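# Structural description and commentary
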Amino acid sequence: MDARALKEGIVSGRLDTDALSAGFADLHAPLTDHEALVAADRCYFCHDAPCITACPTDIDIPLFIRQIATSTPEAAAKTILAQNIMGGMCARVCPTETLCEEVCVREAAEGEPVQIGRLQRYATDTLMAQGVHPFSRAASTGKRIAIVGAGPAGLACAHRLAMHGHDVVVFDARSKAGGLNEYGIAAYKSTEDFAAREVDWLLQIGGIELRNNMSLGRDVTLSALQDEYDAVFLGMGLGGVNALTAPGADKEGVLDAVGFIADLRQATDLSSLPVGRDVVVIGGGMTAVDAAVQSKLLGALNVTIVYRRGRDRMNASVWEQDLAAAKGVRIITNAAPVAVHGNGSVREIEFEFTDNDLTPTGQTFRLAADQVFKAIGQTLTGVGLPDLDGRKIAVTGPGRTSVKGVWAGGDCAAGGEDLTVTAVAEGRDAAEDIHAALMRA
């Protein structure tokens with residue numbers, strides 16, 4: 001640890017440029033050609049492959065690995081992208097350890113699965129590096145579809161609709177497209193501006209117009225979109241952040257983890273980002289782990305994740321939990337925040353231990369903290385939306401909402417897991433349903 005990391009308070013420049021570059025380097029180095037062939041050779045090419053069933057986008061995994069094994073990675077990429085147009089990003093951020101690789105026959109037999117995620121990245125990176133887009137548009141249908149949200153669900157929906165010959169306009173509240181991939185993924189999982197490059201590559205299909213800085217409710221309404229377009233797809237994600245209700249939560253230094261990660265992803269100079277000496281992250285999901293690990297990589301001395309339930313209930317996978325621990329992050333479970341202490345700025349945060357059913361035990365403890373990140377979930381924002389199921393848009397089938405001609409998918413829709421790969425699948429499937437509906441009209 002650099003000596004500057006011992007400084008009190010929230011400051012920038014705790015680590016030097018070399019340390020920051022090393023910490024935020026690519027988490028998994030890409031496979032070389034030889035490594036890819038060796039990794040592909042471990043696949044049994046199962047006829048009834050459990051990995052396909054475990055993939056939310058139903059990629060034919062044995063086929064694309066066989067294509068890599070026969071030295072045709074471009075063909076492998078097309079197999080992947082035909083099902084998951086954002087296969088490049090999913091190869092980087094997908095929790096393969098709990099999806100396809102978890103059910104791999106090699107995992108069951110030997111405890112070491114085929115490296116499906118890294119092989120997928122090898123194939124898609126090979127094709128994208130050639131600047132080739134493997135799909136083309138069908139003849140124009142004359143139909144126009146509005147999509148709200150340029151995240152994984154919205155972009156996957158847009159691409160599939162464009163392939164079918166429809167014209168698509170994508171509205172997004174932010175200045176850059178990509179959604180979660182651009183703003184919400186840890187920087188060490190998506191290096192070298194890959195999210196933006198993938199969007200540019202996806203748009204090569206043609207027929208897709210992006211309109212940035214356009215927010216639903218502020219700049220455009222759902223009813224207006226219905227009047228102007230033949231169909232609407234809502235894929236705007238979750239724009240709000242759940243509030244921390246503990247007394248003192250409004251003190252300086254108590255921040256949203258989502259905003260911290262977004263700022264870090266958009267930073268051109270990591271040494272300019274301020275981070276505390278003693279950082280506490282409240283939550284148990286991927287956002288909590290990403291915020292905690294990146295705090296450590298920026299030079300925070302002590303970083304602790306505190307989650308109100310047991311470790312087995314954390315949304316972050318065991319692999320992600322182990323990654324956090326390997327980076328020096330401490331994880332405390334079965335503890336809920338009860339108060340934030342400090343004179344204006346946070347100095348300590350108090351927790352109370354809980355039972356497995358969240359019943360308070362009466363036992364409390366305090367952690368020193370000059371910076372606290374809330375990673376306790378996000379909420380749907382917007383007015384005039386279709387019917388909700390709980391706190392998300394209710395959908396049936398492939399994303400149909402309660403409003404005729406309006407579909408939804410991704411994090412803003414009820415039912416699916418909050419994963420990039422799931423959002424892509426929902427956007428793709430909604431696009432197919434929209435296409436079928438428009439062609440029947």
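Everything here concerns the structure above.
First things first, this report covers the structure right here in the doc. (Residues numbered from 1 in each chain as written. Predicted model: local features only at pLDDT ≥ 70, side-chain atom pairs only at ≥ 80, totals over all residues. Heavy atoms only, no water.)

## Side note on the overall build of the protein
Put simply, the rule reads: Counting from the N terminus, the helices are the DSSP runs of H or I reaching at least four residues and the strands are the DSSP runs of E reaching at least two. What the globule rule says is 2.2 Å times the number of residues to the power 0.38, and the radius of gyration is computed from C-alpha atoms. Per-residue accessibility, obtained with a 1.4 Å probe over protein chains only, is compared with the maximum for each type, and a residue is labelled buried under 20%, exposed over 50%, and partly exposed between these values. Note on contacts: a residue pair qualifies if any of its non-hydrogen atoms lie within 4.5 Å across the two residues. To be clear on the numbers: accessible area is Shrake-Rupley with a 1.4 Å probe, and residue cover counts the displayed protein chains and nothing else. Charged residues are defined here as Lys and Arg on the positive side and Asp and Glu on the negative side; His and the ends of the chain fall outside this count. Here the site of a charge means NZ on Lys, CZ on Arg, CG on Asp, or CD on Glu.
Of the regular secondary structure elements, the protein holds 16 helices and 17 strands. Relative to the 2.2 N^0.38 estimate, which gives 22 Å for 441 residues, the radius of gyration of the protein is 22 Å and therefore close to what a compact globule would have. Seen through its C-alpha atoms, the protein measures out along the principal axes to roughly 65 × 55 × 40 Å. Residues classed as buried in the protein amount to 53% of the 441 residues present. Sequence-distant contacts, at least 24 apart, represent 70% of the contacts inside the protein between residues at least 6 apart. Surface exposure of the protein reaches about 18,700 Å², of which carbon and sulfur atoms provide 48%. The centroid of the 39 positive side-chain charges in the protein is displaced by 2 Å from the centroid of its 56 negative side-chain charges.

## Observations concerning helix 14 (residues 286-297)
Stated formally: Multiply 1.5 Å by the residue count of a helix minus one, and that product is the helix's expected span.
Look at helix 14: 16 Å from first C-alpha to last across 12 residues, which is about the 16 Å you get at 1.5 Å a residue. Here helix 14 lies mainly inside the structure; 10 of its 12 residues are buried. Of the surrounding secondary structure, the elements contacted by the buried residues of helix 14 are helix 1 (17-23), helix 13 (257-266), strand 7 (278-282), strand 8 (302-306), helix 15 (318-326) and strand 13 (371-374). Directly after helix 14, the chain includes Gly299, whose backbone phi takes a positive value near 115 degrees.

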